[in-house]
Amino acid sequence: MTDLIPTPQAPAPDVLRCAYMDIVVTDLAASREFYVDILGLVVTEEDDEAIYLRGFEEFIHHNLVLRKGPQAAVAAFAFRVRSQEEVDKAEAYYRELGCATRRGSFSKGVHNAVRVADPLGFTYEFFYEVDHVKRLAWAYDQQGAGALVRLDHFNQVYPDVVKGTAYLNDLGFKTTESIKDEAGVTYAAWMTRKHTVHDTAMTGGTGPRMHHIAFSTHEKHNILYICDKLGALRRSDSIERGPGRHGVSNAFYLYLRDPDGHRVEIYTQDYYTGDPDNPEVVWDVHDNQRRDFWGHAVVPSWYTEASRVLDLDGNLVPLIEREEPREIDVTIGADGFSYTRKGDTQAGYKVGGQV
């Protein structure tokens, strides 16, 4: 049985949304070319050590920090909370869990935040006080055909999805979708605060690691333009998977790898989940439409590769292997790609219950 994390007596902080990710890159110039020159994220501020980027609809200082360092990794997953009092609540919540906490301003434009080494081994940041910048939602002359308009979600890799999901539920996140099998093994789960399908997700595998960070576009054609642009620039090797349509989340997607191998999803058109009785959608792990609604094969690297994460002191967090079957173990075909041929099993999904 899963050893769940105790629920603190202290109230959980009121998380509004995923807000930014702080990642370490080894070549700042190469990362700038990828994220700014190719993908078109807006530069809020930059120096020789870090670049602060945001989407066109954002009004807070940044959604992504590219920080120069010796080894590519993720320094923090940052969430905005409803008020400065909620930052204090976050600190008390994690202290009751016995987690290490730090207070301070860990990036430019964000003030009086708390970072925690959470029970799963991820570094989370909670903040409210932030510098406002000009929202460029109406700056169509600057946006271009593939404009990334906002940060949508994170995806985390952890060996025990049930434990990770219960922990995030205690923190106030609502589970919207999951992937399970007939034996009740949970392979992945999606959890939200902002009334879309997810602000973060748990993918079952060796962890803690970061699977991807996702930015939204307005429409599908914006993603197709990005593919054409990468092809024209002879950078199509940055495309790992897609474009395609997810079954889980129903969103149109594209997965890219940055110069350090960090995975970035370009994402659009999922659905509203804000009602309190919004039903969870449970997918059969053998349903080949769960990861791609058109049934396209999933490349093995998408299941096996992810970014390491750092602790509060900037050291790599040790990895834990998954003991239960991984999605790749039960869905890989003879050709090395992940899928289940139609007719191999009774595939499908169910709303509000088990498969």
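Below: a short report on this structure.

Cut-off values and rules
Residues numbered from 1 in each chain as written. Predicted model: local features only at pLDDT ≥ 70, side-chain atom pairs only at ≥ 80, totals over all residues. Heavy atoms only, no water. Salt bridge = Lys/Arg side-chain N within 4 Å of Asp/Glu carboxyl O. Helix = DSSP H or I, 4+ residues; strand = E, 2+ residues; numbered from the N terminus. Buried < 20%, exposed > 50% of the residue type's maximum accessible area, 1.4 Å probe, protein only. Core = buried A, V, L, I, M, F, W, Y, C linked by side-chain atoms within 4.5 Å. Phe/Tyr/Trp six-rings, centres within 6.5 Å; stacked < 30°, edge-to-face > 60°. Contact = heavy atoms within 4.5 Å. Pairing = 2+ DSSP bridges. Axes fitted to C-alpha atoms, helices over the stretch in contact; angles between N-to-C directions.

## Here we look at the pattern of salt bridges
Going through the model one piece at a time under the given rule, you end up with 25 salt bridges. Between E240 and R257 there is a salt bridge whose closest N-O contact spans 2.9 Å. Of the two residues, E240 sits in strand β14 (residues 239-245) while R257 sits in strand β15 (residues 252-257), which places them 17 residues apart along the sequence. Between R291 and E327 there is a salt bridge whose closest N-O contact spans 2.7 Å. One end of the pair, R291, is in the loop between β17 (281-284) and α6 (300-304); the other, E327, is in helix α7 (residues 327-331), and 36 residues separate them in sequence. Relative accessible area serves as the criterion here: at 4%, R291 is assigned to the buried category. Take E327: its relative accessible area is 3%, and that puts it in the buried class. Residues participating in the shared-partner salt-bridge network are D22, R67, R115 and E125.

## Some points on the nonpolar core
Counting 58 residues, the largest nonpolar core has Y35, L64, F77, Y124 and F126 as the members making the most contacts within it. If you look at the next biggest cluster of nonpolar residues, it comprises 14 residues, including Y187, V197, Y267 and V281.

## A look at the side chain of R290
Structurally, R290 can be placed in the loop between β17 and α6. Judged by relative accessible area, R290 falls into the buried class, the value being 2%.

## Digging into unusual backbone geometry
Along the chain, G207 connects to P208 via a cis peptide bond; the corresponding omega equals 10°. Locating P208 in the fold gives a position in the loop between β12 (200-204) and β13 (209-216). The linkage connecting G242 with the following residue, P243, adopts the cis geometry, with an omega of 5°. Tracing the chain through its elements places P243 in strand β14. In this structure, N112 is a non-glycine residue whose phi angle is positive, near 55°. Inspection of the secondary structure assignment puts N112 in the loop between β6 (101-104) and β7 (113-117). Among the residues examined, N112 registers a relative accessible area of 32% and is labelled partly exposed. Its identity is not glycine, yet R234 carries a phi of approximately 60°, on the positive side. The topology assignment puts R234 in the loop between α5 (220-232) and β14.

## Quick notes on the packing of aromatic side chains
One pass over the full model with this rule turns up 18 aromatic pairs. Seen from their ring centres, F79 and Y124 are 5.0 Å apart, and the 65° between their planes marks the pair as edge-to-face. Note that F79 is positioned in strand β5 (residues 73-81) and Y124 in strand β8 (residues 123-127), a separation of 45 residues in sequence. Here F79 and Y124 have matching classes, each one buried. With a centroid separation of 5.7 Å and 75° between ring planes, the pair formed by F79 and F173 is classed as edge-to-face. Residue F79 is found in strand β5, and its partner F173 is found in the loop between α4 (161-170) and β10 (174-180); the two are separated by 94 residues along the sequence. Taken as a pair, F79 and F173 share a single burial class, namely buried. Chaining the aromatic ring pairs together yields one cluster made of F77, F79, Y93, Y94, F122, Y124, F126, F154, Y158, Y167 and F173.

## Some details on the side chain of T165
Mapped onto the elements, T165 comes out in helix α4. Residues in contact with T165, not counting those within four places in the same chain, are T175, A189, M191 and M202.

## Details of the sheet that holds strand β3 (residues 50-54)
Spatially, the eight strands line up as an open sheet ordered β2-β3-β4-β1-β5-β8-β7-β6, and their pairing is mixed. Of all strands in the sheet, those bounded by a partner on one side alone are β2 (42-46) and β6. Pairwise comparison of adjacent strand axes, ignoring direction, gives a mean angle of 20° for this sheet. Pairing analysis gives four bridges linking β3 to strand β4 (residues 64-68), with the strands arranged antiparallel. Of the residues in β4, the one forming a bridge with A50 is R67. In this fold helix α1 (residues 28-38) packs onto β1 (15-25), β2, β3 and β4, with an angle of close to 160° to the strand it touches most, β4.

## A short note on the pairing of β7
Along β7, four of the five residues are buried, which leaves the element largely enclosed by surrounding structure. Here β6 runs beside β7; their pairing, made up of four bridges, is antiparallel. The partner of R102 across the bridge, within β7, is R115. One ladder, built from four bridges, connects β7 with β8; its direction is antiparallel. The partner of A117 across the bridge, within β8, is T123. The hairpin turn running from β7 into β8, its antiparallel successor, is five residues long, and G121 in that turn takes a positive phi close to 105°.

## Here we look at the pairing of β12
Counting buried positions over the five residues of β12 gives five, a clear majority of the element. Sheet topology note: the strand β11 (residues 186-192)/β12 ladder contains four bridges and is antiparallel. Looking at the pairing, M191 lines up with T200 of β12.

Keep in mind these numbers describe shape, not what the thing actually does.
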